[in-house]
Structures are given as C-alpha cells and as structure tokens.
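Fold and contact review
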Amino acid sequence: MKEYQLIIIGAGPGGYEAAIRAAQLGLSTALIERRQVGGTCLNRGCIPTKAMLHSAQLYKETSHFELLGLHAENVSFDWEKIHQRKNEVVSKLRGGIEQLIKANKIDFYSASATIVSPHEVHLDQGEETCLHGENILIATGSVPARPPIPGLDLPNVVTSDELLEDEHFTHELAKEILIIGGGVIGVEFASVFSSFGSKVTIVEALDRILPTMDREISQNLNMILKKRGIEIHTGAMVEKLEQSENGLICHFTEKEKTQQIAAQQVLVAIGRRANIQGLFSEDFSVACERGHIVTDDNFRTNVDSIYAIGDVTSKIQLAHMASAQGICAVHIIAGKQPPIDLRTVPGCIYTDPEIASVGITEEEAKQQSIPIKKGKFIMSGNGRSLIDEQERGFIKVLAHKETDVILGAQLMCSRATDLVAELATAIVNGLTTEQLAQVIRPHPTFCEAVTEAVEDTHSMAIHLAPKKR
C-alpha cells in the first residue's frame, strides 16, 4: 500500500490546482482522475463553450461588415471545423496541465476511486490498488442534472456535457433547437446557436432568465435575445418530450396554458448536481445533504481527515472558486494560513454582450437592510463601445451610503468578464468609490466606464456642495 500525506480525487480546476500547491508546500501528493485531466471546465464546459462562442461572435460580426466599410461574399461556417478547433484548444491546455503535474512530481493515477475508510482509497485499475493518505481531498465536481421529465432519453436530447463530447457530436448544426433552462448554460448556448442562424427557443421554469443575477441584467438580456429572434418562455414547466416524424415536440405549461414547440434538438440545461456516485464504499461515507457533501468553513467534512471543495459541496459552482478553495484547503491541511479571500467571487456569463457580477446586488442589499448608493453608466456613451458597434449595456457600482465602500458591481458590456476583476479587487481591499475614481484609465477603452460609474455614485454630493469662489 502506497502512502501519501494527501490524496486528491478529481483533476479538475480545484483538484489539479490543489495538487500543484500541495507539492509546492512539500506534501507527498497523489492525484486521481478517471477521465481527462482538467475536469468538466476544460473538457466539457468553460473552455470548449468559449471557443465556440468566439467562432459564433466572429461569424455574427460579418453581418455588420457593410456598416464598417468592409465587404465579404458568401460567408459561411463549417460546424465540424468549429468543433475540431474547439478540441484543439482543449487538447493544448490539457497538455499544459499534464506537464505541470509531472513537473511538480505529483503521482497521477488514471482510475476510478472509492473511499473505503478515513485514510484509504481503492483504485479500479484492472487490478485493485489501495492508497493510504493522511488526508483526502474530494474535488470530483458535478454532472448535469436530469429532471424526471418523460422523453429525456429520446435521440437528440442532450445535456451540455454530451453536446460537447465527440461521441454525441452532430456534423451539422440543428436548424431548430429548444433549450430547457434559462440559466448561465442555457443563455450561453442560445447565443452560439442563434449566431449561426438556428431558431432557438428557451423554456425557463422561473419568472425570468438568469434568475440568480441582478434583475436589470436579466431584463436587458431578455430584450437583446428576443431582438435576435430567440423565443423565450418564462414561468413555463416542461411536461414531456415526444418523438414526431420531423423531430421532437416539447409540451409545456405557461401561465396555465398548455403549449407545444417542435425542435430538431433539445438541450437540457437546468443546472448541475454533485458528482458523488460510486465515490464511497457501501460501509463508509461522509455526511451529505441533498446529494452534496457537507463541509465546515475549513472544507473539512464530518470525518476529520477528509475534505471537499468545489461543485461537489454545492456552495458556488464556478471553476475559479474551486481553484481558490483547493489552494486554501491545501494551506489549511499544511498548517498554514489560506492565501485567498473567498468572500468575494466574480460570476461571469459569456453571452454577447458579456455579463459579470461581483459582491451584492440591489435586491440583496434591500433584503439585508444595507443602505446603498448607486452609480451607473450606460455604455452607449462609451467611445470604444460605439467604435465596436456594441449593443446597449451598462456598468453599475453599489457602495455603502455612509462609508462609500464599494459593496458590489454588475456589468453588461463588452469585456465585462475582464473588467469585473478591477471591481473585485476594490471590494476585497475595502476601497471606496472616491479612491477608485482617482485612477487615470486610458482612452479610448471600455474600462473608462468604471470611472464614469464610480463618479456617478457621488455626483449628487458634488452638485450639492457649495461652490468655491
């Protein structure tokens, strides 16, 4: 039996980052992964979808060529080559991670793992192998949720994971696509499909798309997607899917009215659940709640030697959060202070325009009785946005009404997923809007809008101040 100071199960963003940091801290480390290194994010999620979104955005921009003084004839796309290019990006990044694992002298096991005791992990490698660890870190991530809807097992009904895998790839993009779920995954894929000319319909059970985001963002994106021809049904419950001669039919109820929509393909994107199937033996497990592993603030389960991070704990299902948690958990295991502030987590959506949020929203501030002041800048007044033909968007900054400390920000504009980092830095460091307004930002850039937004939070105070003579 081989012994380690730390055994990590799952080589996604949380697992491989934790393994690398553990090795750097001097812990003998084993990393176990039954599929590809990089996990869902790299192989079936963040990276492949963004590669496809990039192709979709470039293709969509060709429709504005005449306006920009450009001319192109017979512009078309090759769905198979888009898929191939996505695979090349994934393969290159996966190779980089594999090199990092080797360079840091981490023992890597390509196998399924089962935890059989507080310190023992069995591997299925043809011949059963047993590893002993002083500590075990679970980073097995999540898998797409499948609701109990009749017809989900029909051909051409796929989850986001399946849509991005080679074995489920269709050589031509379907002309009519129905998406069940109007959350982050649903709206990102809707942007891809509609940009390539597919007729897209979104069916969302709650009263708006992106229900966990700022309401203003949801409303704006709803208008933009409808303007692009995407049909959106909210407050709608899917009853069943049926096979027809021409494809699939989705039956759903919206405002107590039964409706049906035909589609060639259905994407099920209603969220993800913890990936714990087969993780524990019949005689041993850790405490779980609603299918997710329960941990304390130090990532420890009810078994002192076993920790868990990322999607499997269901706290925040984001790749960058899993990475940060993995690094912090390893520092705790090594007896050191965690190096990352986990309280401020940016959320990003790669639609067109991009969406990003960090800190609290207006609704959350109201629920928590926090007095706030708001600064907002509409991006139609930003020079770079006009040059790049960007659609209506905004940057909104929320600060405490009394202290001026920045508490939250919501962005809907080009490069929002990059710009949000500046505002996250401000929140983590307790900066005020006045301090952020002191920064000279280059012109013409999208980030100039940050200056406009933070200045707007105290513009009224400036207007009311006595004028100097």
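The structure reproduced in this document is the subject of the present report. (Residues numbered from 1 in each chain as written. Predicted model: local features only at pLDDT ≥ 70, side-chain atom pairs only at ≥ 80, totals over all residues. Heavy atoms only, no water.)

Quantified by volume, the second largest pocket comes out at close to 650 Å³. Along the wall of the second largest pocket there are 25 residues; nearest its centre are Gln57, Glu61, Asp352, Gln390 and Arg415. Listed by contribution, the elements that provide at least two residues to the lining of the second largest pocket are helix H3 (46-61) and helix H6 (184-195). Considering every element that reaches the lining of the second largest pocket, the biggest residue donor is H3, with seven residues. Its residues assigned to classes, the lining of the second largest pocket comprises seven nonpolar, eight polar and 10 charged. (1 Å grid on protein atoms, 1.4 Å probe; cavity = no way out; pocket = protein on both sides within 12 Å on 5 of 7 lines; lining within 4 Å. Points joined across faces, edges and corners; volume = space filled by probe spheres on them. Helix = DSSP H or I, 4+ residues; strand = E, 2+ residues; numbered from the N terminus. Nonpolar A, V, L, I, M, F, W, Y, C, P; charged D, E, K, R; others polar.)

It is worth spelling out empty space enclosed by the protein at this point. Evaluated as defined, the whole model comprises one cavity of 30 Å³ or more. Here the largest cavity is characterised by a volume of approximately 100 Å³. Met52, Trp79, Leu163, Phe169 and Thr170 are the residues nearest the centre of the largest cavity, which is lined by 11 residues in total. Residue contributions to the lining of the largest cavity peak at three residues, all from helix H4 (residues 79-103).

Within the largest apolar cluster, 36 residues are counted, with the highest numbers of intra-cluster contacts made by Trp79, Ile179, Phe193 and Ile202. Those elements giving two or more residues to this core turn out to be H3, H4, strand S9 (176-180), H6, strand S10 (199-204) and helix H7 (215-227). With five residues, the top contributor of residues to this core is H6. Non-local contacts of Ile202, meaning those with residues more than four positions away in its chain, are made with Ile179, Gly181, Gly182, Val187, Ala190, Ile209, Leu225, Ile230, Glu231, Ile232 and His233. (Core = buried A, V, L, I, M, F, W, Y, C linked by side-chain atoms within 4.5 Å. Buried < 20%, exposed > 50% of the residue type's maximum accessible area, 1.4 Å probe, protein only. Contact = heavy atoms within 4.5 Å.)

A contiguous nonpolar surface patch, about 290 Å² in accessible area, is contributed by Leu67, Leu68 and Leu70. Among the secondary structure elements, Leu67 is positioned in the loop between H3 and H4. (Patch = residues over 30% accessible without salt bridge, like charges linked within 9 Å, V, L, I, M, F, W, Y side chains within 5 Å. Areas by Shrake-Rupley, 256 points an atom, 1.4 Å probe, with all protein chains shown as cover. Salt bridge = Lys/Arg side-chain N within 4 Å of Asp/Glu carboxyl O.)

This paragraph deals with H6. Between its terminal C-alpha atoms H6 stretches 17 Å, which fits the 16 Å expected from 12 residues at 1.5 Å a residue. Of the residues one or two after H6, Gly197 is the one with positive phi, at around 95°. (Expected span 1.5 Å × (residues − 1).)

Remark: H3 packs on H6, axes separated minimally by 9 Å, with the N-to-C direction vectors making an angle of 40°. With respect to H6, the axis of H3 lies oblique. For the element pair H3 and H6, the recorded crossing hand is left-handed. Here Thr49, Lys50, Met52, Leu53, Ala56, Tyr59 and Lys60 of H3 come into contact with H6, specifically with Glu188, Phe189, Ser191, Val192 and Ser195. In the contact of H3 with H6, the residues fall into six nonpolar, three polar and three charged. (Axes fitted to C-alpha atoms, helices over the stretch in contact; angles between N-to-C directions. Parallel < 35°, antiparallel > 145°, perpendicular 65-115°, else oblique. Left-handed = near helix turned anticlockwise from the far one by under 90°.)

Once that is clear, we can look at unusual backbone geometry. Note the cis peptide between Asp352 and Pro353, where omega equals 5°. One can find Pro353 in the loop between strand S20 (347-349) and strand S21 (355-359). In this structure, Pro444 follows His443 across a cis peptide bond, with omega equal to -5°. Its location among the elements puts Pro444 in the loop between helix H12 (433-437) and helix H13 (448-457). Positive phi values are uncommon outside glycine, yet Phe299 reaches one of about 70°. The residue Phe299 is located in the loop between strand S18 (292-293) and strand S19 (306-308) in this model. Of note in this structure, Glu389 is not a glycine but carries a positive phi near 55°. As for its position among the elements, Glu389 is in the loop between helix H10 (383-387) and strand S23 (394-400).

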